[in-house]
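Structural characterization, general
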Amino acid sequence: MDTYILAIVLIVFASFFQGTFGLGMKHIAPLKWEAWWLVHAFTAMILFPILWALIVIPNLFEIISQTEGNTLFLAAFYGFLWGIGGILFGVSVEKTGISITYGIVMGLAASVGSIIPLFQIEGAFEQPSFPIIMLGVALLLVGVAITAVAGVQRDKLHSNSSTTSKSIKLGVLIAVASGVLSAFLNIGFSNAAPVASVAVTQYGVDAQNASLASWVVVLLGAFAMNGGYALYLFIKNKSWNAYRVPNKRKALGWAILAGIFWFAALGVYGQGAALMGNLGPVVGWPILLGLALIISNIWGYREGEWKNADSPFKVLLGGLTVLIVAICILGYANY
């Protein structure tokens, strides 16, 4: 199979995992949120990434120790910033609603997470694919905006008048901050490239597998924020006995499964991006999030979220069509 086609196939698979893992968050009860999230975050950001990386890179920790300290710190710090964005996402949902928040966050995370790594490439403006990438990112933003509008229209049909009392303006500002910070997950992966380079050049690791070493570093910072916040809630809510509740096994299973799916998305995406070369994080990231948005809406439709909302659903289909066009353009940009 052609290397670039294989890369696209991998990112498509990654998008399935990215668009699906959120289903697990519908099965938090009877656990408290912090109890469920700590298990989920540990599985997604520590356990599964390190186990997968050690299977294909036995010298993982030796490779990380061979990388410059500044590189490791910066990559982990970007992961930490992404963790802040994730927490702000939840705050924005409370004030604004899921549809507006999801649209803003996905659009900004996809665009900022693509453009910053592009500008970090030497001679970015001279790249032949530069205008095509910018066109694809712009269309992606349009598609995300249309899907957000569809979600808002659907929520208006299903909501009561009390929803108008939400502090929309503050919620939108928080969503914007969340979207920008969420982009740092991919920026961290791009800046952790020297870790993968050490694995390839000094230890003979395949480029695809070497990308897993980069994720281990980035996600250590991400877990510091997510795990730390969960522990803060344990202290604040005095919920140390949260794991003693009856009938918790199903919720714990979903926490673990959602964590596996979440990192499966990043791990497979990283392998696809590695096959794309320098522009992998630039092109692959918006494709990943664009397809994930499509897949998550398909799951939402199957769950009945668009029932009795024919007009908003037609708007959604228009937005998804624009997303598909944008993804095709981005895929062509690095071909």
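Summarised in this report is the structure supplied together with it.

How each quantity is defined
Residues numbered from 1 in each chain as written. Predicted model: local features only at pLDDT ≥ 70, side-chain atom pairs only at ≥ 80, totals over all residues. Heavy atoms only, no water. Helix = DSSP H or I, 4+ residues; strand = E, 2+ residues; numbered from the N terminus. Rg over C-alpha atoms; globule rule 2.2 N^0.38 Å. Contact = heavy atoms within 4.5 Å. Areas by Shrake-Rupley, 256 points an atom, 1.4 Å probe, with all protein chains shown as cover. Phe/Tyr/Trp six-rings, centres within 6.5 Å; stacked < 30°, edge-to-face > 60°. Buried < 20%, exposed > 50% of the residue type's maximum accessible area, 1.4 Å probe, protein only. 1 Å grid on protein atoms, 1.4 Å probe; cavity = no way out; pocket = protein on both sides within 12 Å on 5 of 7 lines; lining within 4 Å. Points joined across faces, edges and corners; volume = space filled by probe spheres on them. Nonpolar A, V, L, I, M, F, W, Y, C, P; charged D, E, K, R; others polar.

Notes on the overall build of the protein
Of the regular secondary structure elements, the protein holds 13 helices and 0 strands. Along the protein, helices and strands appear, N-terminal first, in the series α-α-α-α-α-α-α-α-α-α-α-α-α. Against the 2.2 N^0.38 benchmark of 20 Å for 335 residues, the protein shows a C-alpha radius of gyration of 20 Å, consistent with a compact globule. If one aligns the C-alpha atoms of the protein with their principal axes, the spans along those axes are about 60 × 50 × 35 Å. Within the protein, residue pairs in contact and separated by at least 24 positions form 85% of the contacts whose partners lie at least 6 positions apart. Split by element, the accessible area of the protein, about 15400 Å² in all, is 66% carbon and sulfur.

A few points about the packing of aromatic side chains
Using the criterion set out here, one finds 22 aromatic pairs in the structure. Pairing phenylalanine 16 with phenylalanine 261 gives two aromatic rings, centres 6.5 Å apart and planes at 55 degrees, and the pair type is tilted. Residue phenylalanine 16 is found in helix H1 (residues 3-20), and its partner phenylalanine 261 is found in helix H11 (residues 249-276); the two are separated by 245 residues along the sequence. When its relative accessible area of 34% is taken as the criterion, phenylalanine 16 is described as partly exposed. Classification of phenylalanine 261 as partly exposed rests on a relative accessible area of 21%. Pairing phenylalanine 189 with tryptophan 215 gives two aromatic rings, centres 4.5 Å apart and planes at 15 degrees, and the pair type is stacked. Residue phenylalanine 189 is located in helix H8 (residues 184-191), and its partner tryptophan 215 is located in helix H10 (residues 207-237); the two are separated by 26 residues in the primary sequence. Per residue, the accessibility class of phenylalanine 189 equals that of tryptophan 215, and both read buried. A network of ring pairs unites the aromatic residues Trp33, Trp36, Trp37, Tyr229 and Tyr232 as a single cluster.

Quick word on unusual backbone geometry
For the peptide bond that leads from alanine 29 to proline 30, omega is 10 degrees, which places it in the cis range. Structurally, the position occupied by proline 30 is in the loop between H1 and helix H2 (33-56). With a phi close to 50 degrees, lysine 238 is a non-glycine residue in the positive phi region. Considering the arrangement of structural elements, one finds lysine 238 in the loop between H10 and H11. Overall, lysine 238 belongs to the exposed group, its relative accessible area being 70%. Non-glycine residue asparagine 308 carries a positive phi angle of around 60 degrees. Looking at the secondary structure, you find asparagine 308 in the loop between helix H12 (280-302) and helix H13 (310-333). Taking the relative accessible area as the measure of exposure, asparagine 308 reaches 66% and is therefore exposed.

As for the layout of surface pockets
The volume enclosed by the second largest pocket comes to roughly 410 Å³. Taken together, the elements giving at least two residues each to the lining of the second largest pocket come down to H8, helix H9 (193-203), H10 and H11. Here the residues of the lining of the second largest pocket are counted per class, giving 11 nonpolar, 8 polar and no charged.

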